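# Structural overview
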Amino acid sequence: MAQVLPRRRPPRPSPVLSVVAVVALLALPIAPEGEGGAGPADALSALVVGYCAVRLLRERRRPLTPTAALVLGLPVLGVSVAAMNAVSPIAGVTGLGRYLQVFVLVPAAVVLLVRGRSDFRLLAWSLVGLALWQGGIGVRQYLTGTGASYRGEQVRAVGTFGATDVMGMATVVSFGLVCAVGLALGRSAVRDRAVAAACAVALVLPLALSFSRGAWIATAVTLAVQLVLTGVRRALRVGAVVAASCVVLLGGLGVGTAMLQERIDSITRVTDAPDQSVTDRYTMWAAAAEMWRGHPLTGVGLKGFPEYRDGHASLALSSGSDTEGAGTAYRKQPLLSPHNMYLLVLGEQGLLGLLCLAGGWLALLVCALRGLRRTRAAGGHGLECALVACGLLVWQLVDFVYADIGGPSTVLTAVCFGLTAWWALLGADRATAGEAATEPSDLDTPTGKAALR
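Every chain begins its residue count from 1, and numbering advances along the sequence as written. Totals for whole chains, interfaces and linings use all residues, but because this is a predicted model, local features are given only for residues with pLDDT of at least 70 and pairs of side-chain atoms are given and counted only at 80 or more. To get the side-chain values, all heavy atoms of the structure are used, and hydrogens and water are removed first.

### Observations concerning the overall build of the protein
Just so we agree on the cut-off: A run of H or I in DSSP becomes a helix once it reaches four residues, and a run of E becomes a strand once it reaches two; helices and strands are each numbered from the N terminus. Classification of residues uses two cut-offs on accessible area relative to the type maximum, computed with a 1.4 Å probe and protein chains only: under 20% is buried, over 50% is exposed, and between them is partly exposed. Method for areas: the Shrake-Rupley scheme with a 1.4 Å probe, in which residue coverage is limited to the protein chains shown.
If you tally the helices and strands in the protein, you get 17 helices and 4 strands. When each of the 453 residues of the protein is scored for burial, the buried share is 50%. Summed over all atoms, the accessible surface of the protein reaches about 20500 Å², with 66% contributed by carbon and sulfur.

### Some words on the packing of helix α6 (residues 117–144) against helix α15 (residues 383–399)
Quick reminder of the rule: Interaxial angle, 0 to 180 degrees, is taken between N-to-C directions of lines fitted to C-alpha atoms, where a helix line uses only the stretch in contact. In this scheme, roughly parallel covers angles under 35 degrees and roughly antiparallel covers those over 145, while 65 to 115 is roughly perpendicular and the rest are oblique. The handedness criterion is simple: a crossing whose near helix is rotated anticlockwise from the far helix by less than a right angle is left-handed, and one whose near helix is rotated clockwise is right-handed. The contact rule is simple, with two residues in contact once any of their heavy atoms fall within 4.5 Å. Residues are grouped as follows: Ala, Val, Leu, Ile, Met, Phe, Trp, Tyr, Cys and Pro are nonpolar; Asp, Glu, Lys and Arg are charged; every other residue, Gly included, is polar.
With their axes 10 Å apart at the nearest point, α6 and α15 run at an angle of 50° to one another. Taken as axis vectors, α6 and α15 run oblique relative to one another. Between α6 and α15 lies a crossing whose hand is left-handed. Between α6 and α15, the residues in contact are Arg117, Phe120, Arg121 and Ala124 and Glu384, Cys385, Val388 and Ala389, respectively. Partitioned by chemical class, the residues of the contact of α6 with α15 number 5 nonpolar, no polar and 3 charged.

### Notes on a nonpolar patch on the surface
Operational definition: Note on patches: the residues involved have over 30% relative accessible area and no salt bridge, like charges join within 9 Å, and the nonpolar side chains Val, Leu, Ile, Met, Phe, Trp and Tyr join within 5 Å. Salt bridge, as applied in this entry: a Lys or Arg side-chain nitrogen positioned within 4 Å of an Asp or Glu carboxyl oxygen.
On the surface, a nonpolar cluster with roughly 300 Å² of combined accessible area is contributed by Val228, Val232 and Leu236. Relative to the elements of secondary structure, Leu236 occurs in helix α10 (residues 232–252). When its relative accessible area of 61% is taken as the criterion, Leu236 is described as exposed.

### Brief notes about the environment of Val22
With respect to the helices, strands and loops of the structure, Val22 is situated in helix α1 (residues 17–25). Take Val22: its relative accessible area is 3%, and that puts it in the buried class. Measuring from C-alpha to C-alpha, the distance between Val22 and Leu412 comes to 8.5 Å, with 390 residues separating the pair along the chain.

### Side note on the side chain of Ser210
Positionally, Ser210 belongs in the loop between α8 (190–209) and α9 (213–230). Of the residues examined, Ser210 reaches a relative accessible area of 0% and is grouped as buried. Residues within four places of Ser210 in sequence aside, it is in contact with Arg156, Ala157, Met169, Ala170 and Trp216.

### Some points on the packing of aromatic side chains
Rules: Side-chain rings of Phe, Tyr and Trp, where Trp is taken by its six-membered ring, are said to pair if the distance between their centres is within 6.5 Å; with planes under 30 degrees apart they count as stacked, over 60 as edge-to-face, and otherwise as tilted.
The final tally for this structure, using the stated rule, is 10 aromatic pairs. Taking 5.6 Å as the distance between ring centres and 50° as the angle between the ring planes, the aromatic pair formed by Phe103 and Trp361 counts as tilted. One end of the pair, Phe103, is in helix α5 (residues 89–113); the other, Trp361, is in helix α14 (residues 341–377), with 258 residues separating them in the sequence. Here the aromatic rings of Tyr342 and Trp361 are separated by 6.1 Å at their centres, their planes lie at 75°, and the arrangement is edge-to-face. A relative accessible area of 22% places Tyr342 in the partly exposed class. With relative accessibility at 5%, the residue Trp361 sits in the buried group.

### Points about the packing of helix α12 (residues 276–294) against helix α13 (residues 305–312)
Between α12 and α13, the least distance of the axes is 9 Å, while the angle of their chain directions is 100°. In terms of their interaxial angle, α12 and α13 are classed as roughly perpendicular. Where α12 abuts α13, its residues Met284, Ala287, Ala288, Glu290 and Met291 lie against Phe305, Tyr308, Arg309 and His312. Each residue belonging to the contact of α12 with α13 can be placed in one class, and the counts come to 6 nonpolar, 1 polar and 2 charged.

### Some points on α6
In plain terms, the rule: Given a helix with a known number of residues, its expected span is that number minus one, times 1.5 Å.
Between its first and last C-alpha atoms α6 spans 40 Å; for 28 residues at 1.5 Å apiece the expected length is 40 Å, and the two agree. A positive phi of about 70° marks Gly145, the residue just after α6.

### Regarding the pattern of salt bridges
On inspection of all chains with the given rule, the structure shows 4 salt bridges. The salt bridge partner of Arg121 is Glu384, with a shortest N-O separation of 2.9 Å. A residue pair is termed long-range when its members are at least 10 positions apart, and Arg121 in helix α6 and Glu384 in helix α15 qualify at 263 residues. Residue classification places Arg121 among the partly exposed residues on the basis of a relative accessible area of 23%.

### Considering the pairing of strand β2 (residues 153–156)
This is how it is decided: The pairing criterion is simple: DSSP has to find at least two bridges between the two strands.
Pairing analysis gives 3 bridges linking strand β1 (residues 148–150) to β2, with the strands arranged antiparallel. Opposite Tyr150, over in β2, you have Glu153 as the bridge partner. Here β1 hands over to β2 after 2 residues, with Arg151 in that stretch at a positive phi of 55°.

### Details of the nonpolar core
Just so we agree on the cut-off: Each nonpolar core is a collection of buried residues, namely Ala, Val, Leu, Ile, Met, Phe, Trp, Tyr and Cys, held together in the definition by side-chain atoms within 4.5 Å.
Within the largest apolar cluster, 121 residues are counted, with the highest numbers of intra-cluster contacts made by Tyr99, Phe103, Phe120, Leu123, Met341 and Trp423. With 14 residues, helix α16 (residues 410–435) is the largest single contributor of residues to this core.

### Let's talk about the side chain of Gln226
Basically, it comes down to this: The definition of a polar contact used here is a pair of N or O atoms within 3.5 Å, where within protein one atom must be able to donate a hydrogen and the other to accept one, and adjacent residues in sequence count solely through side-chain atom pairs.
For Gln226, the position within the fold is in helix α9. In terms of polar contacts, Gln226 uses its side chain to reach the backbone carbonyl oxygen of Val178, at 3.2 Å. In this view, Gln226 contacts Val178, Val181, Gly182, Leu185, Leu387, Val388 and Gly391; residues no more than four positions away in its chain are not counted.

Purely spatial values, then, with no claim about function.
What follows is the structure in structure tokens.
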């Protein structure tokens, strides 16, 4: 009598695909006259949070460890107090929702939906793919003169984000470049590392053509940190090769336009002969600091910077920045934030808000670096995840000196915080506990559930 074999249950799609869909939506064009508010990706991110909540209710289990809940929930205190001090109830509610989305809810959902290192790598590769798509559009804009206006010429690469969000493409490309370098420096298959390295090289050009000094600085610092984390000798060798390549391309062969070289030179003379954009930024930084001095503990309230700006800014501040090109007619875009996340939080949320937000970020960074050290000591399994997670967080912390949240690409910031939090609070422990041999297939399994208890 023939033996009846048990029917194998077909594998279910990974829940992290819902987060990948959020990333994919950012490949769609943004409305040319949009105001830079919430978009389709933000709406889908809310559905992802709801989907994650339904999964938790169905499984009837504790979603996060006490440490993870504390680190991820720390910003709630400062943001809630600042929301109660907002200039209006509507401003308080909208500001509270935005901060919770970016720094609490979406990162927590990513932590819970990523099942293992394979899901982590899938999400990292989706960021690389989005960066290649947006970067390709940006290079085409530069070559055809259809980008955003820069120095009177429509050559600034902005991808599908338009002239009203000139930092959008630079942010996306930077995230993709950091992920590609982390994947290339890891210990995965040789073919995967080679493809990742090729992607990293391809993303350098669109990042340069974004003319974003803040993204350049943050990316350079992050790549240096990633190289050092893999070994000082390796970092020195790669650094020597990069320096020699820059000398040959920029000096010997004359590669690079005069605009690009002028933009690079301006980084070193922002205090000697600053352009109007730098003057506006310094003026708004000083205004945010003055707001904090008047309300040191809790700040002026969420969404309060535009209301208090003129009362604290000097006459050097212009009426707004000129935007044009990439399908957008000329308009004067108001300056509604200081373009410095730390000063924005300090001015609107005070010391309480800054300590809560920055304290959570510092805790994530410490945990992520400790996990990387343990991973290297245990044989290097999951090293690519550690480098990607640490790199994304370092890039964001450096970029926050020159930028703040806002625009359609902000949802990617939430996804990247989630990736870092997964590694720092969960993934590193799994890697050092033997996940290299057998990754949990789903959180429904006993192993997956035990990892989160």
